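Descriptive analysis of the structure
Listed here are the chains, written in short residue letters.
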Number of protein chains: 2
Amino acid sequence: MNVQFKKGALELCVLSKLLRKDCYGYELTDALSQRMVIATGTLYLILKRLRDDAYVETYLVESAEGPARKYYHLTEKGRKYQMKLKEEWMDFVQTVQEIIDESTSTR
Amino acid sequence: MNVQFKKGALELCVLSKLLRKDCYGYELTDALSQRMVIATGTLYLILKRLRDDAYVETYLVESAEGPARKYYHLTEKGRKYQMKLKEEWMDFVQTVQEIIDESTSTR
DNA sequence: TTGTTCTATATTTTATCACTAACTATTATA
DNA sequence: TATAATAGTTAGTGATAAAATATAGAACAA
């Protein structure tokens, strides 16, 4: 799996997951791992950044299956950020697609 | 413009441009700059990597408007690499799109 | 009961690598 | 001489990878 492609896009994936419901770190890693390859510690760094920037808030919930789970909850600021990132991503993807298409179809 | 999104995708854009026709560095920078924001030196680094990996070959052509232009030509290896990268990119983009869609539509 | 091991979970540290910013250098032309 | 067209380099930044460490609970053996 191409490492570089994930730069920035992983953040959008995390934000999008949290848009739907609060999740804890391990749960997010697990869920995203089913769709793409990600290293174990990666999401924690992303989540830390998101929290430092007040895009998410956290709370602990005791678990019967291991250490307490740290849940991440999207703030209003985080929700807006997700929308902005999503738009930027989709714009960018479209631009790249156009460049790809031009080089093949029109030849 | 989100810097991170470009990681890896710029390479695909350059390869795609070269798929259509040989280009010189300044020309590529100029063309891509009309669609997205890129720093002046960026493409030269990408082109150097591509050449080091034998994805492109170069030749000089004298110009009446400045210093000689260094043209980049995609090799067979480069053409295959473009196809592979393109597929990886499109797969990845689709995965991200699914994750985004799930969090919004199904809520 | 005690100790061991496994799983779930969180966190940290070091390294890598692509892009940015900001340069230098060269040729032709006005 | 200044400007535009062109090539190239260097230091820095920031996101992800890889590989640890840490802890709580469950299962199991001695």
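Above: the structure in question.
Residues numbered from 1 in each chain as written. Chains lettered and ligands numbered in written order. Predicted model: local features only at pLDDT ≥ 70, side-chain atom pairs only at ≥ 80, totals over all residues. Heavy atoms only, no water.

**Observations concerning helix α3 (residues 25-33) of chain A**
Helical periodicity: at 3.6 residues per turn, an α-helix aligns residues three or four positions apart in one direction. Of all the residues in α3 of chain A, the buried ones are G25, L28, T29 and L32 of chain A. Relative to the axis of α3 of chain A, the buried residues are bounded by an arc of 100 degrees and lie together on one face. (Buried < 20%, exposed > 50% of the residue type's maximum accessible area, 1.4 Å probe, protein only. Helix = DSSP H or I, 4+ residues; strand = E, 2+ residues; numbered from the N terminus. Arc of directions from axis to C-beta.)

**Focus on the protein's contact with DNA strand D**
Around DNA strand D lies a shell of 29 residues, among which K6 and T42 of chain A together with Y26, R69 and K70 of chain B are the nearest. Atoms of DNA strand D within 4 Å of the protein: sugar and phosphate make up 74%, bases the balance. Contact distances for DNA strand D include 3.0 Å between a phosphate oxygen and a side-chain N or O atom of Y44 of chain B. One nitrogen or oxygen atom from the side chain of Y72 of chain B is found 3.4 Å from a phosphate oxygen belonging to DNA strand D. If you list the elements that add at least two residues to the surface near DNA strand D, you get α1 (3-6) and α4 (42-52) of chain A together with α3 (25-33), α4 (42-52) and β3 (69-74) of chain B. With four residues, α4 of chain A is the single largest residue contributor to the surface near DNA strand D. Considering only residue class, the surface near DNA strand D consists of 15 nonpolar, eight polar and six charged. (Near = heavy atom within 4 Å. Polar contact = N/O pair within 3.5 Å; in protein donor to acceptor, adjacent residues only side chain to side chain. Nonpolar A, V, L, I, M, F, W, Y, C, P; charged D, E, K, R; others polar.)

**As for the packing of aromatic side chains**
This model, assessed by the stated rule, comprises 13 aromatic pairs over all chains. Seen in terms of ring centroids, W89 of chain A and F5 of chain B are 5.0 Å apart; in terms of plane orientation they differ by 70 degrees. Their pairing is edge-to-face. Of the two residues, W89 of chain A sits in helix α5 (residues 76-105) while F5 of chain B sits in helix α1 (residues 3-6), which places them in two different chains. Their ring planes at 35 degrees and their centres at 6.2 Å tell us that F92 of chain A and F5 of chain B sit as a pair that is tilted. Here the residue F92 of chain A occupies a position in helix α5, and F5 of chain B occupies one in helix α1, the pair thus bridging two chains. Pair check on accessibility: F92 of chain A and F5 of chain B agree, each one buried. What links up through ring pairs into an aromatic cluster is the set F5, W89 and F92 of chain A together with F5, W89 and F92 of chain B. Directly above the aromatic system of Y55 of chain A lies the positively charged group of K77 of chain A, at a separation of 5.0 Å from the ring centroid. (Phe/Tyr/Trp six-rings, centres within 6.5 Å; stacked < 30°, edge-to-face > 60°. Lys NZ or Arg CZ within 6 Å of the ring centre and 35° of its normal.)

**Brief notes about the protein's contact with DNA strand C**
Every one of the 28 residues lining DNA strand C counts as a neighbour, but Y26, Y44, R69 and K70 of chain A together with K6 of chain B are closest to it. Within the contact set of DNA strand C, a phosphate oxygen lies 3.2 Å away from a side-chain nitrogen or oxygen of Y24 of chain A. Residue R69 of chain A places a side-chain N or O atom 2.5 Å away from a phosphate oxygen belonging to DNA strand C. Secondary-structure elements contributing two or more residues to the surface near DNA strand C are α3 and β3 (69-74) of chain A together with α1 and α4 of chain B. The element that contributes the greatest number of residues to the surface near DNA strand C is α4 of chain B, accounting for four residues. Its residues assigned to classes, the surface near DNA strand C comprises 14 nonpolar, eight polar and six charged.

**As for the sheet that holds β3 of chain B**
Residue and element names in this part refer to chain B. Here three strands make up an open sheet; going across it, the order is β1-β3-β2 and the pairing antiparallel. Looking at strand neighbours, the two that pair on one side only are β1 (23-24) and β2 (56-61), the edges of this open sheet. Note: β2 against β3, six bridges, orientation antiparallel. In the strand pairing of β3, V56 is matched with L74. Taken strand by strand, helix α2 (residues 9-20) contacts β1, β2 and β3, and its axis lies near 90 degrees from that of β3. Its contacts with the sheet put α4 on β2 and β3, and the angle it makes with β2 is roughly 120 degrees. (Pairing = 2+ DSSP bridges. Contact = heavy atoms within 4.5 Å. Axes fitted to C-alpha atoms, helices over the stretch in contact; angles between N-to-C directions.)

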